[in-house]
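Residue-level structural notes
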Amino acid sequence: MTLEKPKYRKTRHTGLPADFTELAEMFEEAFELLDVFESSARLKMLFSMYREPCNKSDLRRLVNPKLVYENLTILQERMLIEELSDGRFDLTEMGKRILRQYLQFLENLRRTMWEIQEL
């Protein structure tokens, strides 16, 4: 006798990849993205652009001028920012969304840590 899945049952989609390789790739991509946020210079640049587009001189006032060009390249390669026609830099739609998600993650983590301490 073989057990078959009843036809009336819906298959639950967990949102997780089907195998370990896909899961490992997903985590690798996430860690690469998190590397962007480990730099205080990049965070300052991203937060400044979140408020409004910035030119290079604005960014050089925020962070070490030697770091501006290197970090602009990194952020552009990750498609988090784009150069506008007037030479200023702004977050892409994906950059805005990821930055908001990152901030939400930090808020959730902070809240969880406070809850654990209260136990």
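Everything below is about the structure printed above this text.
Calculation notes
- Residues numbered from 1 in each chain as written.
- Predicted model: local features only at pLDDT ≥ 70, side-chain atom pairs only at ≥ 80, totals over all residues.
- Heavy atoms only, no water.
- Helix = DSSP H or I, 4+ residues; strand = E, 2+ residues; numbered from the N terminus.
- Buried < 20%, exposed > 50% of the residue type's maximum accessible area, 1.4 Å probe, protein only.
- Contact = heavy atoms within 4.5 Å.
- Areas by Shrake-Rupley, 256 points an atom, 1.4 Å probe, with all protein chains shown as cover.
- Axes fitted to C-alpha atoms, helices over the stretch in contact; angles between N-to-C directions.
- Parallel < 35°, antiparallel > 145°, perpendicular 65-115°, else oblique.
- Nonpolar A, V, L, I, M, F, W, Y, C, P; charged D, E, K, R; others polar.
- Core = buried A, V, L, I, M, F, W, Y, C linked by side-chain atoms within 4.5 Å.
- Phe/Tyr/Trp six-rings, centres within 6.5 Å; stacked < 30°, edge-to-face > 60°.

**Focus on the overall build of the protein**
Scanning the protein from terminus to terminus reveals 5 helices and 2 strands. Tracing the protein from N to C terminus, the helices and strands come up as α-α-α-α-β-β-α. Counting the 119 residues in the protein, one finds 23% classified as buried. Of all intrachain contacts in the protein linking residues separated by at least 6 positions in sequence, the fraction that spans at least 24 positions is 45%. Accessible area for the protein stands at about 9600 Å²; split by element, carbon and sulfur atoms hold 54% of it.

**Points about the packing of helix 2 (residues 40–51) against helix 4 (residues 65–77)**
Close contact between helix 2 and helix 4 brings their axes to 10 Å; oriented N to C, the two are set at 70°. As summarised for this structure, helix 2 and helix 4 are arranged roughly perpendicular, according to the angle between their axes. Each of Ala-41, Arg-42, Met-45, Leu-46 and Met-49 in helix 2 lies in contact with helix 4, whose residues at this interface are Leu-67, Val-68, Asn-71, Leu-72, Ile-74 and Leu-75. When the residues that make up the contact of helix 2 with helix 4 are grouped by side-chain class, the tally is 9 nonpolar, 1 polar and 1 charged.

**Description of the nonpolar core**
By size, the foremost hydrophobic cluster in this structure holds 20 residues, and its most contacted members are Leu-46, Met-49, Leu-72 and Ile-81. For this core, the secondary structure elements donating two or more residues are helix 2, helix 4, strand 2 (89–91) and helix 5 (93–118). When residues in this core are grouped by element, the largest group, 5 residues, is from helix 2. The residues contacting Ile-81, other than those within four sequence positions of it, are Leu-46, Met-49, Leu-72, Leu-75, Gln-76, Phe-89, Asp-90, Leu-91 and Thr-92.

**A few points about the packing of aromatic side chains**
A complete count under the given rule lists 1 aromatic pair for this structure. With centroids separated by 4.1 Å and ring planes inclined at 10°, the aromatic side chains of Phe-37 and Tyr-102 adopt a geometry described as stacked. With Phe-37 in the loop between helix 1 (20–36) and helix 2 and Tyr-102 in helix 5, the pair connects residues that are 65 residues apart, well separated along the chain.

Without other data, these values stay purely geometric and don't point to any function.
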